[in-house]
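Overview (structure and organization)
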Amino acid sequence: MKPIWIVDDDQSIRFVLEKALAREQFAVRSFSNPRDVLSALDEEAPQVLVSDIRMPGGSGIELLTKVKARHPGLPVIIMTAYSDLDSAVSAFQGGAFEYLPKPFDVPKAVELIRRAVDESMRESVIDERQAEMPEMLGQAPAMQDVFRAIGRLSQSNVTVMITGESGSGKELVARALHKHSPRGNGPFVAINTAAIPKDLLESELFGHERGAFTGAQTMRRGRFEQADGGTLFLDEIGDMPFDLQTRLLRVLSDGQFYRVGGHQPLKSNVRVIAATHQNLEERVKQGVFREDLFHRLNVIRLRLPALRERREDVPALTRFFLQKSAKELGVEAKRITDAALERLMGFDFPGNVRQLENVCHWLTVMAPAQVVEAKDLPPELLAVAPSVAPSLPVASEPAAPAALPVEPAVSAGGLPASLAEPASPGGSSLSSHGAAPASAAEAAGAYGGLPTGGLSPAGSGQAIGGFGGLGGLGGLPGTAAGSGGAAGPRPWLVDLEREARQLLESGSPEVWDTLTRQFEGQLIHTALDITRGRRIEAAHKLGIGRNTITRKIQELGLDD
Ligand SMILES: Nc1ncnc2c1ncn2[C@@H]1O[C@H](COP(=O)(O)OP(=O)(O)OP(=O)(O)O)[C@@H](O)[C@H]1O
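Position numbers for residues start from 1 in each chain and track the written sequence from start to end. Local features are withheld for residues below a pLDDT of 70 in this predicted model, meaning they are given only at 70 or higher, and side-chain atom pairs are given and counted only at 80 or more; totals for whole chains, interfaces and linings count all residues. Computation of side-chain values covers all heavy atoms of the structure but excludes hydrogens and water.

**Some words on the pattern of salt bridges**
Once the charged atoms of two side chains with opposite charge are near each other, the side chains can pair. Filter applied, for reference: A pairing counts as a salt bridge when a side-chain nitrogen of Lys or Arg comes within 4 Å of a carboxyl oxygen of Asp or Glu. In DSSP terms, a helix is any run of H or I states spanning at least four residues, a strand is any run of E spanning at least two, and both are numbered starting from the N terminus.
Tallied over the full model, the rule gives 20 salt bridges. With its nearest N and O atoms 3.1 Å apart, the salt bridge here joins aspartate 52 to lysine 102. Taken together, the positions of aspartate 52 in strand β3 (residues 48–52) and lysine 102 in strand β5 (residues 98–102) put the pair 50 residues apart, joining distant regions of the chain. Across the salt bridge formed by arginine 303 and glutamate 309, the nearest N and O atoms sit 3.0 Å from each other.

**Section: the confidence of the model for the chain**
Should the pLDDT be low somewhere, the predicted coordinates at that spot are not to be read in detail. Rule in force here: Scored from 0 to 100, pLDDT records how confident the predictor is in each individual residue. Residue contacts are counted whenever heavy atoms from the two residues lie within 4.5 Å of one another.
Mean pLDDT for the chain: 76, with 75% of residues reaching 70 or above. Under a pLDDT of 50 for its full length, residues 125–132 has, in the predicted model, seven contacts with residues more than four places off or in other chains. In this model, residues 393–487 is a region of pLDDT below 50 whose contacts with residues beyond four sequence positions or in other chains number 188 contacts.

**Brief notes about the site of the ligand**
Defined as follows: Any residue with at least one heavy atom within 4 Å of a molecule or strand is counted as near it. Accessibility throughout is a Shrake-Rupley quantity obtained with a 1.4 Å probe, and a residue counts as covered only by protein chains that appear here. Lys, Arg, Asp and Glu make up the charged group, whereas Ala, Val, Leu, Ile, Met, Phe, Trp, Tyr, Cys and Pro make up the nonpolar group; the residues left over, Gly among them, are polar. Domains are outlined according to an automatic or database domain assignment.
If you check the shell around the ligand, you find 19 residues, and the closest are Leu137, Ser166, Lys170, Glu171 and Glu357. Protein coverage of the free-state accessible area of the ligand, which is 630 Å², stands at 89%. At the level of elements, α7 (170–179), α13 (314–329) and α15 (352–366) are the ones that each hand at least two residues to the shell around the ligand. Considering only residue class, the shell around the ligand consists of seven nonpolar, four polar and eight charged. A domain split of the shell around the ligand shows at least three residues from each of domain 2 (159–298) and domain 3 (310–382).

**Digging into the nonpolar core**
Buried together is how nonpolar side chains tend to be arranged in soluble globular proteins. Quick note on the threshold: To form a nonpolar core, buried Ala, Val, Leu, Ile, Met, Phe, Trp, Tyr and Cys residues must be joined to one another through side-chain atoms within 4.5 Å. Burial classes: relative accessible area under 20% of the type maximum marks a residue as buried, over 50% as exposed, and values in between as partly exposed (1.4 Å probe, protein chains only).
Judged by nonpolar contacts, the single largest core of 29 residues is most densely connected at Leu205, Phe224, Ile237 and Leu297. Listed by contribution, the elements that provide at least two residues to this core are β7 (188–192), α8 (198–206), β10 (231–235), α10 (242–254), β13 (271–276), α11 (280–285) and α12 (291–297). The leading source of residues in this core is α10, at five residues. In this structure, phenylalanine 224 is in contact with Leu205, Phe206, Leu232, Leu248, Val251, Phe257, Ser268 and Val270, ignoring residues within four places of it in sequence.

**Focus: the side chain of glutamine 245**
Worth spelling out the cut-off: Two N or O atoms count as a polar contact when they lie within 3.5 Å, although within protein this holds only if one can serve as hydrogen donor and the other as acceptor, and sequence-adjacent residues are included solely when both atoms are side-chain atoms.
Along the chain, the position of glutamine 245 falls in helix α10. A residue is classified by how much of its surface remains accessible, and glutamine 245, at 0% relative accessible area, is buried. In this structure the side chain of glutamine 245 is engaged in a polar contact, spanning 3.1 Å, whose partner is the backbone oxygen of valine 288. The contact partners of glutamine 245, leaving out residues within four places of it in the chain, are Met240, Val288, Phe289, Arg290 and Leu293.

Here it is in structure tokens:
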């Protein structure tokens, strides 16, 4: 764990906190002014920053703003006098984790710091988990087929070949296959054979002994050894040099290999998943890919559709990536108009999902307003005439991102032949597993929850404005909504209308504010209930920032 940083010009405060935190086994570093903190930040970052609000060398609020720009996820606690409430409020607006009124009770201060530490640790764990297995969206039938195939393959250790254009999600699928396999707790090791120079590839794959070649000063384990007990993902397998193909074939046949310069045969228990954007049959015909290796790898083949073959997924992916980019950059997520989405859906995306992800990142940084309009799209995209003009499926918009089927569902049914076809006798064993596809509805329902876009935590007007629009709140747990596209308004909207009518007709003041508070309170309450009080997770599920949820909980008095 990184140290706690304390910034205060008052030496006695620093002393008291240092001692109290040291007693609790926290490492502490103290500063007497914000300037020193900023220069220390060039070298390292703390776990939590605790800062006074008024200091000779600059204000704590300014420091907070600067720190947040560099480390959006870092919890900052601002110490302030009771009398200084305005400053405390601006601290929250600047994204402080909490404020600590002075004079403070030392155990309470320590407890607050501990809570900030816990939250930041939990967030990094969540982030790691997400890094391991990012969310995978797809409502298009072709993607639902892929999810079904993943579910179907989940009890199996069979070799899989994933084909699809660059950026279509092959690695994501490989990770999902690994995660949902019996070896899901083992390592997932990926290697892109096209990205590594030919001379180094062999030692990357199989490792080398000390002194095996100039520069090999220590023994190094290769990816096969690293992946022992797990999955080795061989990306761009079509580009593997011919002589290495022979070595790879040998490992796949008898499980044995030698480190470069080594004489001791090694064994590694590895499941291989390979991927390529090339036509391997063609490469075999050209004599650049070994036919026997092709058959060995091609036991089950999964074909990932290009994004232009599943344009209906573009809106949900766009909202998802806008949220993701905003989170990474520590800003509010941008929303996007239907017209802009239609324009995006008409684009062919030669770089597939990766390209759309980059576009969303660009929009988060470059689009001039909070709501992205068609004219704000990147110039290279606007320069191309849409190849189709699809109309946006507003009513049937998915309420929540579909996620991978977590469990292999059990019912009859096989993999679509085009999608996952046993290409050699080895594949036939699969059909005996009896694990069968999860339905699209189950896959979506397993994660439930709110739409990734549309809810603006800052602007209550915008949040309410989203009710009848894209996505709506169909996935809100505990409501009867969610069927999407059913005739008539959803039951809770009918209730809302009745309540609004009653308040308006009776001349109640601040109707907007009252209802918005109830709406937000209910959302947060439900999310906290689902996450058993874990705020960061609740914020994540709601698609709002950690600071926003903390502020809202305070404002709405949900603390106790
Ligand atoms: N269905 C999806 N839902 C969400 N994100 C996706 C989806 N498909 C792809 N992505 C994202 O798009 C990016 C590219 O995906 P990935 O690296 O898996 O593609 P790839 O086909 O392996 O690319 P390459 O062939 O260039 O290696 C990643 O950031 C991935 O998380």
